[in-house]
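Chain by chain, the residues:
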Amino acid sequence: MKIISDQKLIRLIKVAPVLVVGIFIVLLSTVIIYNNHTKANSDIASLRNNFMDLQKAVAKSQVTQVFQDIQFEKSKIESTLKDNIKQRVSEAYAITESIYQQHKDKTEAEVTRLITDSLRSISFNGGRGYFFIYKTNGLNVMHPLLPHMEGTSKWDLQDIRGRYIVREMGQRVKENNESFYRWWFVKPQDKTQEFEKIGFGKYFAPYDWFIGTGEYIADVENDIKEKLLRRIDNIRYSENGYVFVIDYQGNYLSHFKKSLVGTNNIDGRGANGFPFVRKIIQTAQQGGDYVKYIGSIMPTTGKPAKKISYVTGIPDWNWAIGTGVYINEIENYLTERAITIQAQNKDELQKILLLSFLATLILIFVLIYISRNISSRFEKFHQHIVSNIDELEHTKNQLHYVAHHDALTQLPNRLLLEERIAQGIELSKRNNLQLALMFVDLDDFKKINDLYGHSVGDELLQAVSHEFESVLELGDSITRFGGDEFIFCFPELQDLRAAELKVEQIQKIFSTPFSIAGKVIHSSCSIGVTMFPDDGEDPEKLISKSDIVLYKSKASQKGGFLFFNRDINKQVRKDLQLETALRLALINDEISVVYQPQINIQSGKLHGVEALVRWNNEHLGQVSPVDFIGIAEDTGLIHEIGMFVLNKSLSDISDFNKNRKHAIDLSVNLSPKQLSAPEFIDKLVASANNHTLRHQQITLEITENLLIEDLAYVSPLLQKIRDLGFNLSLDDFGTGYSSLSYLSNLPINEIKIDRTFVDKLLTSNESDNLVRAIIAIGGSYQLTMIAEGVETAEQLAQLSSYHCHIAQGYYFDRPLSLHELSRKYTSTAID
């Protein structure tokens, strides 16, 4: 029966491939034809969309260019006016000076008549401009338009805003030798309305005169409008492209069809009755967009045609500017391109089908040959497969072991972890006993790797694993969780004391050093413990909680252990709540920066500020930095928050310094995690260069913990920062290791005395002596000394007697917002 089945299988092998290939080719050809047709339609649709978008983009680009030209010309209105009138007055002054020099021998009245006769008839700016002469006491000497004013005093002449025109202009010109001045005045042709006018005067000392002229801003603006409209009239692109301008009342100001210019077409409608002029104006007033309508004329045909225009507005001039594309042009182009695409796709389809047919014939012949060859060898393979089943089974068992055990220590890996814990929980539950899960982490294992090499680190892990197995009893288990982390599972414990005894057994392993590769290595471990059923009833929760208390144990003191409890659970929940809210703090604009003033003790003036971060959450309220900075460091959010504080403070203090005669310095606290970021220094330099503060005005404050953790790594980074010109301050000096080697070997140029010593300065001889010693040491290294936490005048006096340079604290000010800082300190530093 088996032989018959094999013969059928052989026949199937010979015939089936050919049948399958044939069916496949038929299906493939069907798919190719369908895809070809679909692709042609898709290409045409894509072409239509892309070409339409392109034409619309061209129209928008043209309008944007015109808009930018208008804005540029608008921005020059006042400067153009000023340059013009200043030049004219300089010419009048030159004429006056020349006449005066030539006729010094004559009386003032005679010279005055010569000068006024020369200047009175001069006009400019299309006849609008003229010169006037006043004495600085207000007496009018010459006024071509109002000659009856000559010889009268206009000392009390005021405009509608109460400005004394002649009096104030004369004072400014005399004080500065020349000056611009603004006032409001009626136009000669319109006595009913006053317009803003800019004047320029130049002081003529021999007769205590000022010679001047003025020009209405509105007149110059109208000149620029006319110039722009002439320029827009000449804009042409492609065959039918032009730019039109309509004011918000419907008057054509510029158009390809010249007969429309100057006419009002507010109620103009297209052939379909659509009120396109009102629509264009409405769209321009709303900020700009595309409008589809029937245009009044297509340049190449001279007839109305469907059109899509992009329009935008110039609000303060009440202009709507626009240009567009004609749909007929687009449709003609797309029809030609669609015919071409269809022809190309048809040629491609014929080629593909021909190649598919040839490939099918070749493939069928190859398959017939291969199927015959396969059938002849089938029996041999069959026998070979049967003979290797036992070997495969053995290999499977080996692979299963390798997959579930650590290659280095041969301990079970995390794939078996939850299974072992679940078994232990079930056993403990059945016997009404407890289970302890212990998360163990070797302390400073990375330093051992860095110091002795990874091979020594691997041997240490093997030795520790061997010792760990010695504490196991029947039913206990150990797993290598990863790296230098291990998890013990101790089921069927009577009580908490039994778990503590297990902890002591594990820690005892590290009481004697390990001998690895001829080196004596001292090590320790930190342990986090969770208990079933008190801390959880499933493996994942027990692992998670033991990991949490392990982390807290290491943070508290390496080499210790910690059991999970309600207080830790409460703190974890709080930390999680803070972390969740902190991730959205920057997005929700909850993070802010305040500035605590730093005062020069000798001068009493503001020397600089320290930037301090603040977080105010809608639900949590004001969160202390003590509570969230550690979380930010653990989660990596410190990089975003740190850069925000740096950028914000640089921007704020740069703005603050603009209003001061003497710029102040800025101090910013630096987290160890920030300094270790690969691109931190590049980002620091880029941020500083984007603001006006010099590098020498920026101080980065670091703590002693940063130096203690990895001095070899940190030292070159700090030197690079100092080489770039930034200052470095050692914060909270005296609270840590406080090695004097920091001061001689590291590029520190400032020391901050911790507030705890300043607080006890007057009540503790020990603190007083320590502060005096720190200042003396700083002085010997020529370092700037800053005392923080100064709250009384007596503390300040004592620090001053010790020659401390800078002080900060509530005696001067609490941390202030930028507004409060500017209000209080801007005026104090201008002297």
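Residues numbered from 1 in each chain as written. Predicted model: local features only at pLDDT ≥ 70, side-chain atom pairs only at ≥ 80, totals over all residues. Heavy atoms only, no water.

Peer 1: If you had to explain the overall build of the chain to someone new, which residues and values would you point to?
Peer 2: A tally of helices and strands in the chain yields 25 helices and 28 strands. Counting across all 831 residues of the chain, residues that qualify as buried make up 43%. Partitioning the contacts of the chain with sequence separation of at least 6, the portion at a separation of at least 24 is 61%. When the accessible surface of the chain is split by element, carbon and sulfur atoms take 53% of a total near 44500 Å². (Helix = DSSP H or I, 4+ residues; strand = E, 2+ residues; numbered from the N terminus. Buried < 20%, exposed > 50% of the residue type's maximum accessible area, 1.4 Å probe, protein only. Contact = heavy atoms within 4.5 Å. Areas by Shrake-Rupley, 256 points an atom, 1.4 Å probe, with all protein chains shown as cover.)

Peer 1: Let's hear about helix 3 (residues 108-120): which residues, and what values?
Peer 2: Because each turn of an α-helix spans 3.6 residues, side chains separated by three or four positions end up pointing in the same direction. Its 13 residues place the ends of helix 3 17 Å apart at the C-alpha level, agreeing with the 18 Å of an ideal helix rising 1.5 Å per residue. Turning to helix 3, its buried residues are Val-111, Thr-112, Ile-115, Thr-116 and Leu-119. Viewed end-on, helix 3 has its buried residues packed into an arc of 130°, placing them on one side of the element. (Expected span 1.5 Å × (residues − 1). Arc of directions from axis to C-beta.)

Peer 1: Kindly report on the pattern of salt bridges, identifying the contributing residues and their values.
Peer 2: Under the counting rule described, the total for this entry stands at 36 salt bridges. A salt bridge links Glu-178 to Lys-86, with the shortest nitrogen-to-oxygen separation between them at 3.5 Å. Within this pair, whereas Glu-178 is found in strand 3 (residues 178-187), its partner Lys-86 is found in helix 2 (residues 77-102), the two being separated by 92 residues in sequence. Looking at Glu-178, the relative accessible area reads 25%, which means it is partly exposed. Residue class for Lys-86 comes out partly exposed when judged on its relative accessible area of 33%. (Salt bridge = Lys/Arg side-chain N within 4 Å of Asp/Glu carboxyl O.)

Peer 1: Report on the pairing of strand 5 (residues 209-216), specifying residues and quantitative values.
Peer 2: For a regular strand, the rule is simple: side chains alternate between the two faces of the sheet. Of all eight residues that make up strand 5, eight are buried, and the element is covered over most of its length. Neither face of strand 5 is left uncovered, since the one carrying Trp-209, Ile-211, Thr-213 and Glu-215 and the one carrying Phe-210, Gly-212, Gly-214 and Tyr-216 both have all their residues buried. Bridge analysis of strand 1 (residues 132-135) against strand 5 gives four bridges, and the strand direction is antiparallel. The residue of strand 5 that forms the bridge with Lys-135 is Trp-209. Pairing geometry for strand 4 (residues 190-204) and strand 5, over eight bridges, is antiparallel. Looking across to strand 5, one finds that Gly-199 is bridged to Gly-214. (Pairing = 2+ DSSP bridges.)

Peer 1: Describe the packing of helix 13 (residues 539-556) against helix 14 (residues 566-583), with residues and values.
Peer 2: Where helix 13 contacts helix 14, the two axes come as close as 11 Å, and the packing angle between them is 90°. By the angle between their axes, helix 13 is roughly perpendicular relative to helix 14. Residues Ile-548, Val-549 and Lys-552 of helix 13 form the contact with helix 14, whose own contacting residues are Ile-568, Gln-571, Val-572 and Asp-575. Classifying every residue of the contact of helix 13 with helix 14 by side-chain character gives four nonpolar, one polar and two charged. (Axes fitted to C-alpha atoms, helices over the stretch in contact; angles between N-to-C directions. Parallel < 35°, antiparallel > 145°, perpendicular 65-115°, else oblique. Nonpolar A, V, L, I, M, F, W, Y, C, P; charged D, E, K, R; others polar.)

Peer 1: Could you give an account of the sheet that holds strand 1, with specific residues and numbers?
Peer 2: Hydrogen bonding along the main chain pairs the strands of a sheet, whether they run parallel or antiparallel. Strand order in this open sheet of five strands is 2-1-5-4-3, and the pairing throughout is antiparallel. Bordering the open sheet on either side are strand 2 (140-142) and strand 3, each of which pairs with just one other strand. Shown here is a sheet whose adjacent strand axes are inclined to one another by a mean of 35°, direction ignored. Where helix 3 meets the sheet, it contacts strand 1, strand 2 and strand 5, and its direction lies at approximately 55° from that of strand 2.

Peer 1: Describe a nonpolar patch on the surface, and please don't skip the residues or the numbers.
Peer 2: Taken together, the side chains of Ile-362, Val-366, Tyr-369, Ile-370 and Ile-374 present a nonpolar region at the surface, about 490 Å² in accessible area. Judged by its relative accessible area of 60%, Tyr-369 falls in the exposed class. (Patch = residues over 30% accessible without salt bridge, like charges linked within 9 Å, V, L, I, M, F, W, Y side chains within 5 Å.)

Peer 1: If you had to explain the confidence of the model for the chain to someone new, which residues and values would you point to?
Peer 2: Averaged over all residues, the pLDDT of the chain is 86; the fraction at 70 or higher stands at 90%. Put simply, helix 19 (residues 704-709) is where the chain has its lowest mean pLDDT, 62, and strand 28 (residues 806-808) is where it has its highest, 97. (pLDDT = per-residue confidence, 0-100.)

Peer 1: Could you give an account of the nonpolar core, with specific residues and numbers?
Peer 2: If you look at the biggest cluster of nonpolar residues, it comprises 73 residues, and the most contacted ones within it are Leu-582, Trp-615, Leu-666 and Leu-799. The dominant element in this core, judged by the number of residues it contributes, is helix 16 (residues 638-658), at eight residues. Ignoring sequence-local partners within four residues, the contact set of Leu-582 consists of Trp-615, Phe-628, Ile-631, Ala-632, Leu-637 and Ile-641. Counting residues in hydrophobic clusters, the runner-up holds 32 residues, among them Leu-442, Leu-461, Ile-516 and Val-529. (Core = buried A, V, L, I, M, F, W, Y, C linked by side-chain atoms within 4.5 Å.)

Peer 1: Just give me the short version of the side chain of Ser-546, but keep the residues and values in it.
Peer 2: Topologically, Ser-546 is positioned in helix 13. Of the residues examined, Ser-546 reaches a relative accessible area of 0% and is grouped as buried. Not counting residues within four places of it along the chain, the set of residues in contact with Ser-546 comprises Leu-437, Phe-439, Gly-528 and Thr-530.

Peer 1: Could you give me a rundown of the environment of Pro-206, with the residues and numbers involved?
Peer 2: Within the fold, Pro-206 resides in the loop between strand 4 and strand 5. Note on Pro-206: relative accessible area 40%, which makes it partly exposed.

Peer 1: Account for the sheet that holds strand 19 (residues 561-563), with residues named and values stated.
Peer 2: Strand order in this open sheet of five strands is 14-15-13-18-19, and the pairing throughout is mixed. Whereas interior strands pair on both sides, the edge strands pair on one side only; in this sheet they are strand 14 (477-482) and strand 19. On average, adjacent strands in this sheet sit at an angle of 20° to one another, irrespective of strand direction. Of the pairings in the sheet, the one linking strand 18 (residues 525-532) to strand 19 comprises three bridges and is parallel in character. Following the sheet pairing, Gly-528 is matched in strand 19 by Leu-562.

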